[in-house]
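Residue-level structural notes
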Amino acid sequence: MKHILLKTRLDAQIAMAFKALIVLYIVLMATGLHAQNQYRGITIYIDFSDIPRPENETPERLDALLNDMDYSEENIHRSVCKYWYEQSYGQVILKHDIFYYRAPLPASHYAKLNYKEGILLWKEALEYTVANNPDYDWKRLSTDKDGNLRSVMFYNSDSFVSWIAAAHHGGWTLSNGVKIKSVYGSYLIRNGEPSLFTPIHESGHAFFSFPDTYDTGYDSGGTGAYTVMSGGKTSLIEPVGAPFRVEKNWGKIIEIKRKPGKQTLTLKADGDAVAVYKNPLDGKEYFSIEARKQSTLGNEKFPVDLGLLLWHTDLNVKSSNKEQAMTPEKHYKHAIEQADGLYELERNPAKPTNRGNAGDIFVPGKTFSDTTVPNSKWWDGTASYFNITNIEYIDEETISFDVVFLEGL
């Protein structure tokens, strides 16, 4: 009888534990923490005796701006964490642990320094954080395959030096043995208002190794306002863009296969699906297709109400978007296929007015093939036989199109 009672109690405990696990799972699902990839970085907010942290920039507010899944305020519609959660379609949770550091000298001193001298302030801030937080577990932070911290972010208020929004890739080893390969500086406040574009843009570098897709030589337009990796307005934070979602397998990736006959695809604007056609001879080169509408948060500068955005990616390019010649040897890593064939992003400097226009977007009546301008040839000039035709609006947020491979099967 004693054995029966013990077994009965054990069964009851197991049942209760199982119920607790179910409740925990439901809570995790409800809070969004079921993401496949959880990242944690460190942020150090630096202020100065002559530019102190404003009273309204409380630790609670900064934590909310970076980490809160539900936080919003005027001109801030989502936190850094919420942005990446949305762009990854629930696959990424990105959090920052936050520390504060008062620079030993006034901002006026650092404003006179060059970049190489100035960023030593960042190392000082890191060593201060190590020394004054002996119980902090640095192992909780995300690292790359070589054990380097993925992200160290530095924030300050309005711009006072040219080098504060920059990155350092030289690599440091701190006094506690922690290795850092790259650190990123960013503004948090611009013209007295919170601005999350730069923190989100820099976290794209730090956590996901996304490149800049503006022309860092500033003599062409890169990818304009079509991605957070090249755009940038105080209150506008653009989507990350189809090729980056393909790279990370975020959302539903529809891989187009070369086969006889017509394939009809349907995409919901800013939905979870993008389409990709990869070069059969080189999977690092591909076209990706997404549907967007202007009314979606972040698409305020999208130049038409609804349309298809076509990208041409070549991951063999090492210089990102510095080469705009559109030749086999010199071309962007990530290019926008501009439907009107004017190539204004490549041919015009990276000015605020050159952010893209309605002629870039594929709408009903437009086609894309080996013989159109722009064409669907691979960068080495060979035919892809990839044809997009019959673009149609299904409703106010859905677009269909046909893919046909006419030759080369």
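Preceding this paragraph is the structure being described.
**Some remarks on a negative patch on the surface**
On the surface, Glu60, Asp63, Asp68 and Asp70 cluster together into a negatively charged patch. Here Glu60 shows up in helix α2 (residues 59–67).

**Digging into the pattern of salt bridges**
Taken as a whole, this structure holds 12 salt bridges when the rule is applied. In this structure, Arg61 engages Glu73 in a salt bridge whose closest nitrogen and oxygen atoms are separated by 2.6 Å. Of this pair, Arg61 sits in helix α2 while Glu73 sits in the loop between α2 and α3 (80–87), and the two are 12 residues apart along the sequence. For Glu73, a relative accessible area of 22% gives the class partly exposed. Among the salt bridges present, the one from Asp146 reaches Lys145, with a minimum N-O distance of 3.5 Å. Using a relative accessible area of 42% as the deciding quantity, one classes Asp146 as partly exposed. When its relative accessible area of 79% is taken as the criterion, Lys145 is described as exposed. Among the charged side chains, a network of salt bridges with common partners joins Arg40, Asp97 and Arg140.

**Section: empty space enclosed by the protein**
Considering all chains together, one arrives at two cavities of 30 Å³ or more under this definition. Approximately 30 Å³ is the volume found for the second largest cavity. Taken together, Ala225, Tyr226, Glu238, Pro239, Arg292, Gly298, Asn299, Lys301 and Phe302 make up the lining of the second largest cavity. Class assignment of the residues belonging to the lining of the second largest cavity gives a composition of four nonpolar, two polar and three charged.

**Description of the sheet that holds strand β3 (residues 152–156)**
Strand order in the open sheet made by the five strands is β2-β1-β3-β7-β4, with mixed pairing throughout. Sheet topology places β2 (92–102) and β4 (167–168) at the edges, where each strand pairs with a single neighbour. The pairing of β4 with strand β7 (residues 183–187) spans two bridges and is antiparallel. The partner of Ala167 across the bridge, within β7, is Tyr184. Relative to the sheet, helix α6 (residues 120–132) contacts β1 (37–47), β2, β3, β4 and β7, its axis offset from that of β1 by approximately 110 degrees.

**Digging into the nonpolar core**
Counting residues in hydrophobic clusters, the biggest one holds 30 residues, and the most contacted among them are Trp84, Leu188, Leu196, Ile200, Phe208 and Phe210. Secondary-structure elements contributing two or more residues to this core are β1, α2, α3, β2, β3 and α7 (197–208). Looking at which element gives the most residues to this core, the answer is α7, with five residues. Not counting chain neighbours up to four residues away, the residues in contact with Trp84 comprise Val92, Leu94, Ile200, Ser203, Gly204, Phe208, Phe210, Val240 and Trp250. Formed by 26 residues, the second largest nonpolar core is a distinct cluster that contains Ala103, Trp138, Ile180 and Val183.

**Quick notes on the sheet that holds strand β12 (residues 273–279)**
Sheet architecture is open: five strands sit in the order β10-β12-β13-β14-β15, paired in mixed fashion. Sheet topology places β10 (252–255) and β15 (334–336) at the edges, where each strand pairs with a single neighbour. Averaged over all adjacent pairs, the angle separating strand axes in this sheet is 30 degrees, with direction ignored. In this structure, β12 lies alongside strand β13 (residues 282–293), joined through five bridges in antiparallel fashion. The residue of β13 that forms the bridge with Lys278 is Tyr286.

Conventions used here
- Just so you know, the residues in each chain are numbered from 1, in the order the chain's sequence is written.
- Note on the predicted model: pLDDT of at least 70 is required for a residue's local features to be given, and 80 or more for side-chain atom pairs to be given and counted; whole-chain, interface and lining totals, by contrast, use all residues.
- Neither water nor hydrogens contribute to the side-chain values; these are computed over all heavy atoms in the structure.
- Residues qualify for a patch when their relative accessible area is over 30% and they have no salt bridge, like charges being joined within 9 Å and the nonpolar side chains of Val, Leu, Ile, Met, Phe, Trp and Tyr within 5 Å.
- Working definition of accessibility: Shrake-Rupley area with a 1.4 Å probe, residue cover restricted to the visible protein chains.
- The term salt bridge refers to a side-chain nitrogen of Lys or Arg lying within 4 Å of a carboxyl oxygen of Asp or Glu.
- Positive charge is attributed to Lys and Arg, negative charge to Asp and Glu, and no charge count is given to His or to the chain ends.
- All charge positions are set by atom: Lys at NZ, Arg at CZ, Asp at CG, Glu at CD.
- A run of H or I in DSSP counts as a helix once it spans at least four residues, and a run of E counts as a strand once it spans at least two, with each numbered from the N terminus.
- Accessible area is worked out with a 1.4 Å probe on protein chains only. A residue is then buried under 20% of its type maximum, exposed over 50%, and partly exposed in between.
- We place a 1 Å grid over just the protein atoms. Points where a 1.4 Å probe fits but has no way out form a cavity, open points with protein on both sides within 12 Å along at least 5 of 7 lines form a pocket, and any residue with an atom within 4 Å of a point lines it.
- Grid points are joined across faces, edges and corners, and a volume is the space filled by probe spheres set on the points.
- Under this grouping Gly is polar, as are all residues other than the nonpolar Ala, Val, Leu, Ile, Met, Phe, Trp, Tyr, Cys and Pro and the charged Asp, Glu, Lys and Arg.
- Strands are labelled as partners when DSSP assigns at least two bridges between them.
- The contact criterion used is simple: two residues touch if any of their non-hydrogen atoms lie within 4.5 Å.
- Axis lines are fitted through C-alpha atoms, for helices just across the contact stretch, and the angle between N-to-C directions can take any value from 0 to 180 degrees.
- Here, the term nonpolar core denotes a set of buried Ala, Val, Leu, Ile, Met, Phe, Trp, Tyr and Cys residues that are joined through side-chain atoms within 4.5 Å.

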